[in-house]
Amino acid sequence: MPDVSSSAAGPMPREEAPLVSVRGLKAYFPLRRIRLGAPKAWLRAVDGVSFDIRRGETLGLVGESGCGKSTLGRTLLALRGASAGDVLFDGNSVFSLKPWELKALRRHMQLVFQDPFASLNPRQTVGGSVRAALDIHAIGAPAERTAMVEEMFLRVGLRRSHTTRFPHEFSGGQRQRIGIARALVLRPKFLVCDEPVSALDVSIQAQILNLLKDLQQEFELTYLFISHNLAVVEHMADRVAVMYYGKIVELADRNELFSNPRHPYTRTLLGAVPSPDPTVRNMKVEMSGDPPDPANLPSGCRFRNRCSYAMERCSREEPAMAKVGERHHAACWLDQ
Ligand code: SF4
């Protein structure tokens, strides 16, 4: 697979080098195992993915539920092992680090969950949960940590008095603010935001999205923003990667991707987004058939059983990512 990053060959000044580089990353799960033997089948949740995330940008990652987005986000943070490939964070291979080195790096790579309630200890005050991150990483003097937590609560739109309450006393939007405070109190460089607003009321979603944008500016953050909601990604992302059953099938700047989608799957996704102006996004939905069995994906192009343009070659050969425009790559035989 060609390098779909924007970087030129050769060493780059540190400030121009991507913060995150993903190279041929695979995350497979065993499905059926012969007793004491190798697994008979694998779920290829992430199947050879390569891209860069530049410092200060938001890369949106979109695709249907179950396409491997969350697995990719967690593998990228080394929260689970990779089956193959590598992730470079600030030039360091996260899978080659010693445990104490990885612990130190984790401070700079944080996750904002879809459901912060599930990740908060119901018997611990939310201030205590946020402070625990400071305790684990020994950040600040112990006497200063409570003030650091209160300061972060204020910054995410909560009150000092909230730190002494328990998770069940908060609304969904407030809990997400707590989740963001817990991630940011460590002053990370990089956040993976995994469907951070999909569990919230529509009226609250915009508040959280705007908060994430403000915090990105203030703390010079880099985001991988995972969502199945294209409208949310269009609002947040600088560039967008489209994922289909373990593969990135298209990657482009946001405006380019939304105005000139090239992969039939991307066109299908965009055609499914309701627009008040039919001339803006007048693309017919082209997808047919059922989603494939993730454990038994089609040969060749894995989208072929749902693609109106499928041809004989699509069943024989898997298309690689290829340049189809300025800073625009797609994996489809129609463009190669
Ligand atoms: Fe459709 Fe073939 Fe392109 Fe796959 S490679 S998206 S099956 S035309």
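Please read all numbers here as calculations on a predicted model, not as lab measurements. (Residues numbered from 1 in each chain as written. Predicted model: local features only at pLDDT ≥ 70, side-chain atom pairs only at ≥ 80, totals over all residues. Heavy atoms only, no water.)

### Observations concerning the overall build of the chain
Counting its secondary structure elements, the chain contains 11 helices and 12 strands. The buried share of the chain, taken over its 336 residues, is 47%. Taking as baseline every contact in the chain between residues at least 6 positions apart, the subset at least 24 positions apart corresponds to 63%. If you sum the accessible surface of the chain, you get close to 15700 Å²; carbon and sulfur atoms cover 51% of it. (Helix = DSSP H or I, 4+ residues; strand = E, 2+ residues; numbered from the N terminus. Buried < 20%, exposed > 50% of the residue type's maximum accessible area, 1.4 Å probe, protein only. Contact = heavy atoms within 4.5 Å. Areas by Shrake-Rupley, 256 points an atom, 1.4 Å probe, with all protein chains shown as cover.)

### Some points on the site of the ligand
Taken together, 13 residues sit near the ligand, with Cys301, Cys307, Cys314, Cys332 and Trp333 positioned nearest. In terms of residue class, the shell around the ligand is made up of 11 nonpolar, one polar and one charged. (Near = heavy atom within 4 Å. Nonpolar A, V, L, I, M, F, W, Y, C, P; charged D, E, K, R; others polar.)

### Quick notes on the packing of aromatic side chains
The tally for this structure, following the rule as stated, stands at six aromatic pairs. Residues tyrosine 244 and phenylalanine 303 carry aromatic rings whose centres are separated by 5.0 Å and whose planes lie at 85° to one another, so their mutual orientation is edge-to-face. A residue pair is termed long-range when its members are at least 10 positions apart, and tyrosine 244 in strand β9 (residues 239-244) and phenylalanine 303 in the loop between α10 (264-271) and α11 (312-316) qualify at 59 residues. Neither tyrosine 244 nor phenylalanine 303 differs from the other in exposure class; each is buried. Taken together, Tyr244, Tyr245, Tyr265 and Phe303 form an aromatic cluster joined through their ring pairs. (Phe/Tyr/Trp six-rings, centres within 6.5 Å; stacked < 30°, edge-to-face > 60°.)

### Observations regarding the side chain of lysine 69
Checked against the element boundaries, lysine 69 lands in helix α1 (residues 69-76). For lysine 69, which is buried and forms no salt bridge, the nearest opposite charge comes from glutamate 195, at a distance of 4.1 Å. Beyond its immediate sequence surroundings of up to four residues, lysine 69 is in contact with Leu61, Val62, Gly63, Glu64, Glu195, Ile226, Ser227, His228 and Met243. (Lys, Arg positive; Asp, Glu negative; His and termini not counted. Salt bridge = Lys/Arg side-chain N within 4 Å of Asp/Glu carboxyl O.)

### Here we look at the pairing of strand β6 (residues 109-112)
Covered by surrounding structure in β6 are Met109 and Leu111 together with Gln110 and Val112, the residues of both alternating faces. Pairing between β6 and strand β7 (residues 190-194): four bridges, direction parallel. Across the sheet, glutamine 110 pairs through a bridge with leucine 191, a residue of β7. (Pairing = 2+ DSSP bridges.)

### What to know about the pattern of salt bridges
Scanning the model with the defined rule gives 20 salt bridges in all. A salt bridge links lysine 189 to aspartate 90; its shortest N-O distance comes to 2.7 Å. Taken as a pair, lysine 189 in the loop between α6 (172-184) and β7 and aspartate 90 in the loop between β4 (84-89) and β5 (92-93) lie far apart in primary sequence, 99 residues in all. Across the pair glutamate 318 and arginine 302 runs a salt bridge whose closest N-O atoms are separated by 3.3 Å.

### Digging into unusual backbone geometry
Unusually for a residue other than glycine, alanine 78 sits at a positive phi of about 60°. Residue position: alanine 78 is located in the loop between α1 and β4. Classification of alanine 78 as buried rests on a relative accessible area of 12%. In this structure, alanine 138 takes a positive phi of about 50° despite not being glycine. Topologically, alanine 138 is positioned in the loop between α4 (126-136) and α5 (142-155). A relative accessible area of 56% means that alanine 138 is categorised as exposed.

### Digging into the environment of valine 49
For valine 49, the location among the structural elements is in strand β2 (residues 39-53). Between the C-alpha atoms of valine 49 and leucine 72, which are 23 residues apart in sequence, the distance is 8.7 Å. Once residues within four sequence positions are removed from consideration, valine 49 is found in contact with Val22, Arg23, Gly24, Leu25, Leu72, Gly246, Lys247 and Ile248.

### A short note on the environment of isoleucine 204
Relative to the elements of secondary structure, isoleucine 204 occurs in helix α7 (residues 202-219). It is 8.7 Å that separates the C-alpha atoms of isoleucine 204 and glycine 172, two residues lying 32 residues apart in sequence.

### Description of the nonpolar core
Within the largest apolar cluster, 56 residues are counted, with the highest numbers of intra-cluster contacts made by Ile180 and Leu215. Examining the composition of this core, we find that six residues originate from one element, α7, more than from any other. If you look at the next biggest cluster of nonpolar residues, it comprises 33 residues, including Val46, Ile53, Leu102 and Val192. (Core = buried A, V, L, I, M, F, W, Y, C linked by side-chain atoms within 4.5 Å.)

Take it as geometry only, folks, not as evidence of what the structure does.
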